[in-house]
Amino acid sequence: MVKKFEAGSFDVIVVGAGHAGVEAGLAAARMGAKTLMLTINLDMVAFMPCNPSVGGPAKGIVVREIDALGGQMGRTIDKTHIQMRMLNTGKGPAVRALRAQADKVLYQQDMKETIENEPNITLLQAMVEELIIEDGECTGVISKTGATYRAKTTIITAGTFLRGEVILGDLKYSSGPNNQQPSIGLADHLRSLGFDIVRFKTGTPPRVNSQTIDYSKTEIQPGDDVPRAFSYETTEYITDQLPCWLTYTNEETHTIIDENLHRSPMYSGMIKGTGPRYCPSIEDKVVRFNDKPRHQIFLEPEGRNTKEVYVQGLSTSLPEDVQQQILTSIPGLENAQMMRSGYAIEYDAIVPTQLWPTLETKKIKNLYTAGQINGTSGYEEAAGQGLMAGINAARRAFNKEEVILSRSDAYIGVLIDDLVTKGTNEPYRLLTSRAEYRLLLRHDNADLRLKDVGREMGLVSDESFEKFVSKKEMIQGEIKRLQSVIIKPNEHVQTLLESIGSSLLKDGIKGSDLLRRPEITYNHIKAIIPADSELPFDVEEQVEIQIKYEGYIEKSLQQVDKLKKMENKKIPDGIDYDAISGIASEARQKLRDVRPLSIAQASRISGVNPADISILLVYIEQGRIAKVSGE
Amino acid sequence: MEFDTIAAISTPMGEGAIAIVRLSGDEAFAIADRVFKGMGGKQLQAVPSHTIHYGHIVDPATQTTLEEVMVSVMKGPKTFTREDVIEINCHGGLVSVNQVLQLVLRQGARIAEPGEFTKRAFLNGRIDLSQAEAVMDMIRAKTDRAMSVAMGQMEGKLSKLVQSLRQEILEILAQVEVNIDYPEYDDVEEMTLSMMMEKSTYVKGQIERLLQTSEQGKILREGLSTVIIGRPNVGKSSLLNSLVHENKAIVTDVPGTTRDVIEEYVNVRGVPLKLVDTAGIRETEDIVERIGVERSRKVLKEADLILLVLNYGEALSEEDRRLFEAVKGMDVIVIVNKTDLSQKVDMDEAAQLATHHRLVTTSLLKEQGVDELEEAIASLFFAGSLEAGDGTYVSNNRHIALLHQALAAINEAIEGAEMGTPVDMVQIDLRRTWETLGEIIGDTVQESLIDQLFSQFCLGK
Ligand SMILES: Cc1cc2nc3c(=O)[nH]c(=O)nc-3n(C[C@H](O)[C@H](O)[C@H](O)COP(=O)(O)OP(=O)(O)OC[C@H]3O[C@@H](n4cnc5c(N)ncnc54)[C@H](O)[C@@H]3O)c2cc1C
Ligand SMILES: Nc1nc2c(ncn2[C@@H]2O[C@H](COP(=O)(O)OP(=O)(O)OP(=O)(O)O)[C@@H](O)[C@H]2O)c(=O)[nH]1
Ligand SMILES: [Mg+2]
């Protein structure tokens with residue numbers, strides 16, 4: 001064993017510099033914590049091991065939330081994408097979402113540079129093997145070289161590295177993603193500390209050389225012509241965009257897969273980890289939906305300065321020769337040269353119900369975990385957790401109160417609550433359907449929801465906050481104006497209404513009421529009763545959404561009120577569930593494991609039914625009364 | 001006070017007994033005021049605490065009067081729960097007390113969980129500590145019992161119906177979610193407002209049907225369809241009048257007086273009846289023949305209950321016997337009327353013809369035997385042998401309340417779709433419908449939506 005040596009002490013240590021790690025480190029440092037970031041390979045900071053894209057439904061909203069809270073992901077992707085598209089524009093505002101195709105390399109470079117330029121961060125290449133635990137508290141980490149780093153709080157964001165195993169056909173070897181070094185010592189150490197561990201699996205498709213693709217046989221998928229950005233801070237937009245391309249599998253592809261199924265590790269039983277249902281491998285898709293004549297394949301460039309193209313839709317762990325055959329069967333890819341083969345990876349994740357909603361582990365104080373290690377999948381999910389873990393670890397280091405986002409505050413709140421309350425039995429991905437208040441959790445209002453929190457954390461600059469405050473004022477001012485201005489049925493108005501097929505006015509009508517008509521937009525209103533000065537686009541957008549969907553928003557807010565009431569009923573720390581008679585034994589077990597903080601959280605645990613909640617309420621009240629009368 | 005307003009029937013229910021609908025919570029007075037019409041339009045919110053008021057319960061949506069009541073108004077904290085409490089004393093038996101309960105639930109109260117009044121009493125500091133354990137045990141026990149009752153009910157047709165309805169909605173939801181979460185996925189049809197409307201309208205129809213076929217639903221709305229038959233002049237119209245307690249039908253000693261079908265709604269010991277006095281039967285015509293005509297046969301076929309009247313003062317005729325033939329297999333109460341006259345009827349044969357049926361003797365002229373008749377009607381109903389509709393019915397108040405909520409939600413979905421609201425917002429109400437229906441069968445797990453998503457569609461990279 002190597003000799004250990006003291007190598008410095010910090011406020012916060014972040015193990016890992018993937019998508020969770022970088023947000024955690026940056027947040028902690030920006031909040032003033034002296035932060036150490038350790039990662040296995042410095043060339044792989046914020047590396048995207050799978051698809052070269054950021055955002056999409058639900059995930060894109062997470063990126064906006066991260067940005068409103070003062071995180072980095074949005075700013076970096078705004079500078080390094082090759083195309084952006086707003087999705088679901090034909091639907092309601094609640095489900096609109098932005099997605100960017102990333103230039104993977106530029107993304108990494110920008111992220112690394114940002115970290116290097118952050119004065120409170122020390123960024124080091126090191127393999128962490130062990131945590132230092134004293135009296136049930138984590139006080140630092142020890143690297144493979146014996147370097148001992150101490151800190152008030154530690155965050156582990158080890159991604160898919162823990163006892164990672166790459167699987168490809170009948171080949172299986174110990175490895176992190178993309179043939180990086182796996183993290184075995186730390187994985188064993190976490191097991192030895194008594195954490196419950198699950199084995200999950202995920203996979204990635206092959207990459208092909210762009211010069212060998214016949215794009216004429218595919219359909220072009222360009223970006224939007226309107227400039228788009230994730231970050232509220234972005235002022236410069238990339239105009240030079242690269243397209244993606246669409247092609248399809250066919251009967252021949254499926255026959256190749258069918259004939260080679262026996263060589264798939266999925267079906268030979270070599271893969272034991274649980275994979276996510278939402279990104280099945282192509283062999284899964286062909287087996288499970290065998291009546292489908294074709295599956296979509298998107299060809300996505302991995303960057304501006306590379307010829308590698310990501311073949312979306314073809315995630316697989318079939319042997320390399322079969323992968324090449326499959327590619328050859330697809331229109332446009334007949335002569336495609338495979339530059340990297342697809343593979344599956346199995347890894348350790350910790351059962352996330354072992355975490356508090358702050359992402360601190362229940363078992364070991366001052367130790368936090370974030371990202372794929374917590375059973376999630378996806379860059380945005382990792383980044384959102386990283387940010388919250390970073391915030392909470394820094395707050396703890398400064399003895400400040402914890403910060404927990406509610407399900408009604410943010411998708412990030414939904415994500416973390418789902419993880420720590422319900423756990424997950426497959427790699428967890430955010431979906432819009434997971435958010436019961438999704439009408440409130442929109443792409444457009446992430447700042448209105450979260451900027452105050454970011455500001456309070458010290459993560460939002462004066463300038464950015466002032467801009468936000470004035471935006472809020474403009475929104476409120478304009479809504480007020482529209483609620484009071486009466487539009488009279490003059491000729492100009494009637495002609496305009498007629499031209500858009502809206503019924504004519506019989507009487508004067510409030511601007512806000514006219515805007516509520518489905519066919520009327522803010523632009524129409526603006527043409528009739530212009531504001532004193534032209535308002536910024538995002539202000540107009542807010543005014544339109546808030547007025548148009550007031551009824552629905554109101555309904556959601558009422559539900560949130562109910563939720564808040566339940567959230568305010570706190571469950572006392574150290575409550576003894578065994579001492580409560582009447583709680584069913586399954587519920588008792590679950591409550592003991594999850595240790596919910598509030599009645600709201602308790603009621604979301606599966607297996608805890610309303611009767612158990614009633615009894616719990618009575619018991620808590622009894623405790624309260626007992627305490628009062630005992631005083 | 002921080003709790004919502006709860007309501008429940010708070011007296012053990014029995015026929016004829018006064019039953020109380022109790023409301024407790026912040027909104028109790030306001031809800032009561034919405035449904036209570038007192039003398040001179042007085043507001044319960046304005047009356048002194050611990051007073052009792054006479055009036056009627058009127059459904060504000062339809063302006064129909066449901067019940068004549070006495071309402072006790074008790075202001076917190078000097079109440080059992082320490083909250084504002086309203087007690088509505090109903091006289092009309094099971095059905096109308098349920099009707100009143102349903103109304104207050106539609107007006108914003110929530111049905112109380114088992115033991116919830118007691119729980120509130122405790123939480124609001126009304127009951128002392130030593131009783132806490134007992135409260136918990138009671139909650140457990142009552143919930144378990146309620147569960148087992150509910151489960152029993154859930155076994156049958158109703159649960160299957162609710163499940164298939166939910167599956168129907170789930171498929172719409174999943175399709176919308178796929179459109180949202182996988183906008184580029186070309187394999188699913190884009191769910192449009194008109195598709196949503198079509199499906200929602202179907203769902204709405206099903207929920208309405210369920211509510212209509214529900215015990216209180218159909219019966220309350222329409223009454224048990226009860227047809228009075230008998231030879232001319234036996235006293236059919238007299239019977240109707242005496243059950244209605246009013247002279248609605250013309251009674252004469254001329255046979256064949258009643259010419260039109262007379263329908264009257266009447267509440268007999270809590271059982272609502274739609275009484276039909278068969279009509280226009282002329283002396284010269286054969287009754288059975290008459291009944292044989294299309295319309296009368298239809299009336300008979302749709303009847304839930306037959307009141308077959310015989311004349312004590314006349315011998316049984318062939319017509320009487322053919323009447324018995326015509327109502328074979330139906331729920332029948334045989335009434336031998338005019339017992340004040342000297343007996344000409346052969347009671348043994350009457351009893352024999354009436355095998356499987358109840359037989360009651362009356363003298364409507366002397367107002368004798370009407371009690372027994374009412375008794376016979378009520379017991380037939382409460383014994384459960386009388387059933388409205390096709391046998392799928394919801395009787396549990398919680399379920400009915402939930403169905404009403406589901407109906408309101410689906411109506412909002414349809415309204416939204418009509419107004420051109422984006423699909424994903426209409427989805428919100430559709431999802432609420434689905435969740436509410438789920439509460440009926442105790443299944444609200446949201447995972448099932450995600451499961452549906454991934455089993456129905458082939459998604460992913
Ligand atoms: C093959 C593959 C396929 C994927 N497919 C999908 C997909 O289809 N959809 C999807 O949404 N997501 C997919 N992902 C997941 C996505 O890449 C991750 O969710 C995301 O990168 C997780 O971020 P993270 O920060 O948690 O971990 P990572 O980005 O993996 O970062 C982990 C970091 O921890 C460091 N580290 C690990 N152990 C140590 C140690 N002992 N000491 C020091 N540093 C350490 C590593 O160096 C690295 O910097 C896939 C990932 C892989 C590998
Ligand atoms: N004595 C006696 N007369 C009765 C009794 N009930 C009804 N009547 C009389 O019988 C006559 C006929 O009564 P209705 O009620 O009109 O009989 P109905 O069956 O409706 O007759 P139609 O409509 O003509 O078919 C009236 O004169 C009643 O007053 C009774 O119990 N005793
Ligand atoms: Mg008559």
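Up top is the structure these notes are about.
Conventions we followed
Residues numbered from 1 in each chain as written. Chains lettered and ligands numbered in written order. Predicted model: local features only at pLDDT ≥ 70, side-chain atom pairs only at ≥ 80, totals over all residues. Heavy atoms only, no water. Helix = DSSP H or I, 4+ residues; strand = E, 2+ residues; numbered from the N terminus. Rg over C-alpha atoms; globule rule 2.2 N^0.38 Å. Buried < 20%, exposed > 50% of the residue type's maximum accessible area, 1.4 Å probe, protein only. Contact = heavy atoms within 4.5 Å. Pairing = 2+ DSSP bridges. Axes fitted to C-alpha atoms, helices over the stretch in contact; angles between N-to-C directions. Patch = residues over 30% accessible without salt bridge, like charges linked within 9 Å, V, L, I, M, F, W, Y side chains within 5 Å. Areas by Shrake-Rupley, 256 points an atom, 1.4 Å probe, with all protein chains shown as cover. Salt bridge = Lys/Arg side-chain N within 4 Å of Asp/Glu carboxyl O. Phe/Tyr/Trp six-rings, centres within 6.5 Å; stacked < 30°, edge-to-face > 60°. Lys NZ or Arg CZ within 6 Å of the ring centre and 35° of its normal. 1 Å grid on protein atoms, 1.4 Å probe; cavity = no way out; pocket = protein on both sides within 12 Å on 5 of 7 lines; lining within 4 Å. Points joined across faces, edges and corners; volume = space filled by probe spheres on them. Core = buried A, V, L, I, M, F, W, Y, C linked by side-chain atoms within 4.5 Å.

Visitor: For this particular structure, what's the right way to read the overall build of chain A?
Guide: Helix and strand counts for chain A come out as 21 helices and 22 strands. Taking 631 residues into account, the globule formula puts the C-alpha radius of gyration at 25 Å, and chain A, at 26 Å, falls close to it. Principal-axis analysis of the C-alpha atoms gives chain A an extent of 85 × 80 × 50 Å. A burial count over chain A gives 61% of its 631 residues as buried. When contacts within chain A are restricted to residue pairs at least 6 apart in sequence, long-range pairs at least 24 apart make up 73% of them.

Visitor: Would you mind going over the sheet that holds strand E15 (residues 244-248) of chain A with me for this structure?
Guide: Paired through their backbone hydrogen bonds, the strands of a sheet run either parallel or antiparallel. Residues and elements named next belong to chain A. Read from one edge to the other, the open sheet built from six strands follows the order E14-E15-E16-E17-E13-E18, with strand pairing classed as antiparallel. Both edges of this open sheet fall to strand E14 (219-221) and strand E18 (338-340), since each of them pairs with a single strand only. Taken over all neighbouring pairs, the strand axes of this sheet differ in orientation by 35° on average, direction set aside. Here three bridges tie E14 to E15, and the two strands are oriented antiparallel to one another. The partner of Glu 219 across the bridge, within E15, is Leu 246.

Visitor: What should I look at first to understand a nonpolar patch on the surface in this one?
Guide: All names here are of chain B. Together, Met 39, Ile 52, Tyr 54 and Met 70 line one region of the surface with nonpolar side chains, adding up to about 390 Å² of accessible area. Mapped onto the elements, Ile 52 comes out in strand E4 (residues 51-59). For Ile 52, a relative accessible area of 54% translates into the label exposed.

Visitor: I would appreciate a short explanation of the packing of aromatic side chains in the present structure.
Guide: Here a ring pair, both rings aromatic, is described through the centre-centre distance and the interplanar angle of the planes. All names here are of chain A. According to the stated counting rule, one finds two aromatic pairs over all chains in the structure shown. The interplanar angle of 35° and the centroid separation of 4.6 Å between the aromatic rings of Tyr 215 and Trp 245 together place this pair among those described as tilted. Separated by 30 residues along the polypeptide, Tyr 215 in the loop between strand E13 (207-209) and E14 and Trp 245 in strand E15 bring together distant segments of the chain. Of the residues examined, Trp 245 reaches a relative accessible area of 18% and is grouped as buried. Measuring from centroid to centroid gives 5.7 Å for Phe 465 and Phe 468, while their planes differ by 45°, and the two rings are tilted. Of this pair, Phe 465 and Phe 468 both sit in helix H13 (residues 462-484), three residues apart, which is roughly one turn of the helix. Taking NZ or CZ as reference, Arg 64 lies 4.1 Å from the ring centre of Tyr 232, over its face. The ring of Trp 356 carries Lys 362 above its face, with NZ or CZ at 5.3 Å from the centroid.

Visitor: Please explain the pattern of salt bridges as it appears in this structure.
Guide: Residues and elements named next belong to chain A. In this structure the tally under the stated criterion is 59 salt bridges over all chains. Linking Asp 462 and Arg 455 is a salt bridge whose minimum nitrogen-to-oxygen distance equals 2.9 Å. A network of salt bridges, in which partner residues are shared, links Arg 163, Glu 165, Lys 172, Arg 191, Arg 199, Glu 346 and Asp 348.

Visitor: How should I be thinking about empty space enclosed by the protein in this particular structure?
Guide: Residues and elements named next belong to chain A. Here the structure, examined in full by the defined rule, presents five cavities of 30 Å³ or more. Approximately 60 Å³ is the volume found for the second largest cavity. Lining the second largest cavity are eleven residues, and of these Lys 201, Gly 203, Ser 281, Ser 315 and Ala 344 lie nearest its centre. In terms of residue count, strand E12 (residues 197-204) provides more of the lining of the second largest cavity than any other element does, three residues in total.

Visitor: What is the right way to look at unusual backbone geometry in this model?
Guide: Most peptide bonds take the trans configuration, and most residues that are not glycine carry a negative phi. Residues and elements named next belong to chain B. The peptide bond linking Gly 76 to Pro 77 adopts the cis configuration, its omega dihedral lying at 5°. Turning to its location among the elements, Pro 77 is positioned in the loop between strand E5 (64-74) and strand E6 (85-90). Phi at Gln 63 takes a positive value of approximately 60°, unusual for a residue other than glycine. Topologically, Gln 63 is positioned in the loop between E4 and E5. Phi at His 356 takes a positive value of approximately 75°, unusual for a residue other than glycine. The topology assignment puts His 356 in the loop between helix H12 (347-353) and strand E13 (358-361).

Visitor: Just to check I follow, could you spell out the environment of Lys 488 of chain A for this structure?
Guide: Residue and element names in this part refer to chain A. As for its placement among the helices and strands, Lys 488 is situated in the loop between strand E21 (486-487) and helix H14 (491-499). Residue classification places Lys 488 among the exposed residues on the basis of a relative accessible area of 57%. Remark: the alpha-carbon pair of Lys 488 and Asp 409, spanning 79 residues in sequence, is separated by 39 Å. Once residues lying within four places of it in the same chain are set aside, the contact partners of Lys 488 are Val 493, Leu 505 and Gly 508.

Visitor: Help me out: how do you make sense of the nonpolar core in this one?
Guide: The tendency in soluble globular proteins is for nonpolar side chains to be buried side by side. Residues and elements named next belong to chain A. Judged by nonpolar contacts, the single largest core of 97 residues is most densely connected at Ile 155, Ile 391 and Ile 412. Sort the elements by how many residues they give to this core and helix H10 (residues 379-397) lands first, with ten residues. Apart from the residues lying within four places of it in its own chain, the contact partners of Ile 412 are Val 62, Glu 65, Ile 66, Leu 69, Gly 384, Met 388 and Leu 405.

Visitor: I'm lost on the environment of Glu 113 of chain A in this one. Help?
Guide: Considering the arrangement of structural elements, one finds Glu 113 of chain A in helix H4 (residues 104-116). Taking relative accessible area as the criterion, Glu 113 of chain A reaches 46% and is therefore assigned partly exposed.

Visitor: Help me understand the pairing of strand E11 (residues 305-311) of chain B, please; the structure alone is not making it clear to me.
Guide: The side chains of a regular strand alternate between both faces of the sheet. All names here are of chain B. Taking burial as the measure, the seven residues of E11 include seven buried ones, the bulk of the element. In E11, alternate side chains face the same way, and those of Leu 305, Leu 307, Val 309 and Asn 311 on one face and Ile 306, Leu 308 and Leu 310 on the other are all buried. Inspection of the sheet shows strand E8 (residues 224-230) paired to E11 by five bridges, in the parallel sense. Bridge assignment links Ile 229 to a residue of E11, and that residue is Leu 308. The sheet contact formed by E11 and strand E12 (residues 332-337) spans six bridges and is parallel. Following the sheet pairing, Leu 307 is matched in E12 by Ile 333.

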